[in-house]
Amino acid sequence: MPKLTVKDLDVRGQRVFVRVDFNVPMEEKDGQMVVTDVTRIKETLPTLDMLVKGGAKIILAAHLGRPKGKKEPTMSLRPVAAKLAEMLKCPVNFVEDCIGESVAKAAAALQPGQVLLLENVRFYAEEEANNPAFAEKMAQVADIYVNDAFGSAHRAHASTEGIARFVAKRGGKCAAGLLMERELKFLGDELEKPARPFVVILGGAKVSDKITVIDRLLDKADTILIGGAMAYTFRLAQGAKTGKSLVEADKTDTAKAALAKAKAKNVKFLLPTDDIVATPVKTDKLDKKGKPIIDWQNPTTNTDLNCPDEMAGLDIGPATVKAYSAEIASAKTILWNGPMGLFENKQFAAGTNAVAKAVADATVKGAKSIIGGGDSVKALNKAGLGGQVTFMSTGGGASLEFLEGKELPGVAALSDKGTCCCCAH
Ligand code: 3PG
Ligand code: MG
């Protein structure tokens, strides 16, 4: 059943508690944390503008990073308040907590159209535990609850799920924000009856991460194009040698089942026919996450379906790019999730960039292109093509779970349109 949205509400003078996904990338510069990508903030502006103009008293809650229940100064949302004020072109007050006295006071001081941002809800372990007492405390300042945090809607946490229960119990409404509504429209309704041909491009490291999505899309797509390291698990399933490529040897049966389903359903299921391979050489250096940095030597185009023993496959090759681009060019609907290779390394970015370009070109010619968040969005933005597709999701994990057909807890907790007793919705 469709969910109530912020457009269905009269918010004037009401305290509207809005869960947003301001989990934005930050970097330390001159001793201060600064936001390095404002996409998620920008995408919530339509909802916030609407609430400001509607005269709501706006209380924003969000998480940042994974502080695991501790106050972690580098994960404070204070710098986000400043960025938001700049973008919303109005002052944004900030309070160093998300429950209790200080929040109650700041919320009580709000005038219609004013905005308050609360501190990182994950500074409390109760947030991720979806602790009812904590959710109830948060709900104390909410007459209405709005969830615009699509990127966090797959989490059943206190600020995404628990709080809605308490607001609803008191007779308050729980509605989707405009971003949430848009995400559900593009990743959901628009893919229900897609204009055909419907071409799905799936990449990324693991078959196990994508198998549920593959299985579901095999019921809908005309063509599925596979890239990224997960292609090697399919190759292994077909009896090819995969050298040092990333594979999931225990997932070959899963890969075989997908190939068999594609055949039975008459879905064109394409795997790379050539790739870029390189020899991994360990260095003593560590990356930001503490993992050893590998030096990829001697990158070469490999036209054999077998990967040389001492090498790993890291990108799709030029023949595959040509074949995939032709499929994309003929599409009327495109869904893309996951890069074609190790695109963060420019030696292995050509395949992903070419797919990004093909998707943007097809969009200009009238195809609807939907990008399922995470790395594909990063890759499109890196290629400067972010603005040239129909829709880019702000959710990584959330979009994947939604495409898998799972009910997202943050959406499930919202009021159904049909059950609203006080208006025509
Ligand atoms: C995200 O960026 O994936 C969302 O904000 C959710 O964050 P999480 O993965 O830490 O729960
Ligand atoms: Mg995540």
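First, a word on what this report is: a plain description of the structure on this page. (Residues numbered from 1 in each chain as written. Chains lettered and ligands numbered in written order. Predicted model: local features only at pLDDT ≥ 70, side-chain atom pairs only at ≥ 80, totals over all residues. Heavy atoms only, no water.)

The full count for this structure, using the stated rule, is one cavity of 30 Å³ or more. In this structure, the largest cavity encloses a volume near 40 Å³. As for the largest cavity, its lining consists of G227, G228, Y232, R235, P272, D275, L314, D315, I316 and M340. For the lining of the largest cavity, the secondary-structure elements that each account for two or more residues are α9 (230–237) and β14 (312–316). Per-element accounting of the lining of the largest cavity gives the leading share, three residues, to β14. Its residues assigned to classes, the lining of the largest cavity shows five nonpolar, two polar and three charged. (1 Å grid on protein atoms, 1.4 Å probe; cavity = no way out; pocket = protein on both sides within 12 Å on 5 of 7 lines; lining within 4 Å. Points joined across faces, edges and corners; volume = space filled by probe spheres on them. Helix = DSSP H or I, 4+ residues; strand = E, 2+ residues; numbered from the N terminus. Nonpolar A, V, L, I, M, F, W, Y, C, P; charged D, E, K, R; others polar.)

Each aromatic ring pair is summarised here by two numbers: the centre-to-centre distance and the angle between the ring planes. Per the stated rule, a full pass over the model turns up six aromatic pairs. Ring geometry for Y124 versus F134: centroids 5.1 Å apart, planes at 40 degrees, classification tilted. A residue pair is termed long-range when its members are at least 10 positions apart, and Y124 in the loop between β6 (115–118) and α4 (125–128) and F134 in helix α5 (residues 132–139) qualify at ten residues. For F134, a relative accessible area of 3% translates into the label buried. Ring plane angle 85 degrees and centroid distance 6.3 Å describe the contact between W296 and F348, whose orientation is recorded as edge-to-face. (Phe/Tyr/Trp six-rings, centres within 6.5 Å; stacked < 30°, edge-to-face > 60°. Buried < 20%, exposed > 50% of the residue type's maximum accessible area, 1.4 Å probe, protein only.)

Counting residues in each nonpolar core, the largest one holds 66 residues, and the members touching the most others are F17, L118, I214, I224, I226, F234 and F269. In this view, I226 contacts L202, I214, A231, F234, F269, L270, L271, P272 and Y324; residues no more than four positions away in its chain are not counted. In this structure, I41, L48, L51 and A62 belong to the second largest nonpolar core, which totals 36 residues. (Core = buried A, V, L, I, M, F, W, Y, C linked by side-chain atoms within 4.5 Å. Contact = heavy atoms within 4.5 Å.)

By the definition in use, this model includes zero disulfides. Sulfur of C98: no disulfide; nearest cysteine sulfur belongs to C174 and is 18 Å away. (Disulfide = S-S within 2.5 Å.)

What follows deals with α5. Taken residue by residue, α5 has F134, A135, M138 and A139 as its buried positions. Looking down the long axis of α5, one finds its buried residues gathered within 140 degrees of arc, a one-sided arrangement. Tucked into the core, α5 has its buried residues touching β1 (15–19), α4 and α6 (158–169). (Arc of directions from axis to C-beta.)

Here we take up the site of ligand 1. Inspection of the region around ligand 1 gives D21, N23, R40, H63, R66, R122, G151, S152 and R155 as its neighbouring residues. Take R40: an N or O atom from its side chain is 3.0 Å from an oxygen atom of ligand 1. Contact between ligand 1 and R66: an oxygen atom at 2.7 Å from a side-chain N or O atom of the residue. Residue composition of the shell around ligand 1, grouped by class: no nonpolar, four polar and five charged. (Near = heavy atom within 4 Å. Polar contact = N/O pair within 3.5 Å; in protein donor to acceptor, adjacent residues only side chain to side chain.)

Our next topic: the layout of surface pockets. Looking at the second largest pocket, its volume works out to about 620 Å³. In terms of lining, the second largest pocket is formed by 26 residues, of which the most central are L184, G188, D189, F402 and V411.

Judged by pairing direction, the sheet is antiparallel, and its three strands sit side by side in the order β13-β12-β14 without closing on themselves. Edge positions in the sheet fall to β13 (292–302) and β14, since each has one partner strand and no second. Across the sheet, the axes of successive neighbouring strands diverge by a mean angle of 40 degrees, strand direction being ignored. As judged from the eight bridges shared by strand β12 (residues 275–286) and β13, these two strands associate in the antiparallel manner. Among the inter-strand pairings, I276 is bridged to a residue of β13, identified as T301. Against the sheet, helix α11 (residues 318–329) engages β12, β13 and β14, with an angle of about 35 degrees to β14. (Pairing = 2+ DSSP bridges. Axes fitted to C-alpha atoms, helices over the stretch in contact; angles between N-to-C directions.)

Let us look at the environment of A153. In this fold, A153 is placed in the loop between β7 (144–147) and α6. Considered as a pair, A153 and D250 are 97 residues apart in the sequence and their alpha carbons are 31 Å apart. Those residues in contact with A153, other than ones at most four positions away along the chain, are M180, L408, P409, G410 and V411.

Another aspect to go through is the packing of α5 against α6. Closest axis-to-axis distance for the α5/α6 pair is 8 Å, and the angle between their directions is 70 degrees. Comparing the axis directions of α5 and α6 gives the class roughly perpendicular. Residues P132, F134, A135, E136, M138 and A139 of α5 form the contact with α6, whose participating residues are A158, S159, G162, I163, F166 and V167. Residue composition of the contact of α5 with α6, grouped by class: nine nonpolar, two polar and one charged. (Parallel < 35°, antiparallel > 145°, perpendicular 65-115°, else oblique.)

Looking now at the pairing of strand β4 (residues 57–61). β4 sits mainly inside the fold: four of its five residues count as buried. In this structure, β4 lies alongside β6, joined through three bridges in parallel fashion. Residue pairing for β6: I58 is matched across the bridge by V115.

Time to look at the pairing of strand β2 (residues 26–29). Taken together, the four bridges between β2 and strand β3 (residues 32–35) define a ladder with antiparallel strand orientation. Of the residues in β3, the one forming a bridge with E28 is M33. The antiparallel hairpin formed by β2 and β3 contains two residues in its connecting segment, where D30 sits at a positive phi of about 50 degrees.

All right, on to the pattern of salt bridges then. Two side chains that carry opposite charge are able to pair once their charged atoms sit near each other. Following the criterion strictly, the structure yields 24 salt bridges and no others. Where D215 meets K261, a salt bridge forms, and the shortest distance between an N and an O atom there is 3.1 Å. With a gap of 46 residues between them, D215 in helix α8 (residues 207–217) and K261 in helix α10 (residues 252–265) connect regions that are remote in the sequence. D215 sits in the partly exposed class, given a relative accessible area of 39%. It is possible to trace a salt-bridge network through shared partners that takes in D215, D219, K261 and K265. (Salt bridge = Lys/Arg side-chain N within 4 Å of Asp/Glu carboxyl O.)

Everything listed here is a matter of geometry and, on its own, says nothing about what the molecule does.
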